[in-house]
Amino acid sequence: MPSNEKELNATLFDQLTLVERIERKAESGDLEEVKAEIEILKKEINRKLYQKPPLVNE
């Protein structure tokens, strides 16, 4: 479990990278349902990544 906001953001960026890699593969196969699900996942990750207020008050 990440102990601070910086570690959490790093984890979320890693997850976003994985989703983007899967998305590139799905684009070559014309899998619309897969792309729709991936877009949902990206939005969920971005909500966590760009949350307001931040986890840690500095």
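See above for the structure.
I will try to describe carefully the structure that is included in this document. (Residues numbered from 1 in each chain as written. Predicted model: local features only at pLDDT ≥ 70, side-chain atom pairs only at ≥ 80, totals over all residues. Heavy atoms only, no water.)

As for the environment of Leu16
Right, so step 1: Looking at the secondary structure, you find Leu16 in helix 1 (residues 5-29).
Right, so step 2: The buried category is assigned to Leu16, whose relative accessible area is 11%.
Right, so step 3: Note: C-alpha distance between Leu16 and Ile45 (29 residues apart in sequence) is 6.8 Å. (Helix = DSSP H or I, 4+ residues; strand = E, 2+ residues; numbered from the N terminus. Buried < 20%, exposed > 50% of the residue type's maximum accessible area, 1.4 Å probe, protein only.)

Re the pattern of salt bridges
Right, so step 1: Using the criterion set out here, one finds three salt bridges in the structure.
Right, so step 2: As a salt-bridge pair, Lys42 and Glu23 come within 3.4 Å of each other at their nearest N and O atoms. Residue Lys42 is found in helix 2 (residues 32-49), and its partner Glu23 is found in helix 1; the two are separated by 19 residues along the sequence.
Right, so step 3: Look at Lys42 and you get buried, because its relative accessible area is 16%.
Right, so step 4: Since its relative accessible area comes to 15%, Glu23 is described here as buried.
Right, so step 5: Across the pair Glu39 and Lys42 runs a salt bridge whose closest N-O atoms are separated by 3.9 Å. Of this pair, Glu39 and Lys42 both sit in helix 2, three residues apart, which is roughly one turn of the helix.
Right, so step 6: What makes Glu39 partly exposed here is its relative accessible area of 32%.
Right, so step 7: Connected via shared salt-bridge partners are Glu23, Glu39 and Lys42. (Salt bridge = Lys/Arg side-chain N within 4 Å of Asp/Glu carboxyl O.)

Points about the nonpolar core
Right, so step 1: Grouped together as the largest cluster of nonpolar side chains are seven residues: Leu12, Leu16, Val19, Ala26, Ile38, Ile45 and Leu49.
Right, so step 2: Looking at this core, the elements that each hand over two or more residues are helix 1 and helix 2.
Right, so step 3: Among the elements that make up this core, the one with the highest residue count is helix 1 (four residues). (Core = buried A, V, L, I, M, F, W, Y, C linked by side-chain atoms within 4.5 Å.)

Quick notes on the environment of Lys25
Right, so step 1: Turning to its location among the elements, Lys25 is positioned in helix 1.
Right, so step 2: When its relative accessible area of 66% is taken as the criterion, Lys25 is described as exposed.
Right, so step 3: C-alpha of Lys25 to C-alpha of Lys35: the two residues are ten residues apart in sequence and 9.8 Å apart in space.

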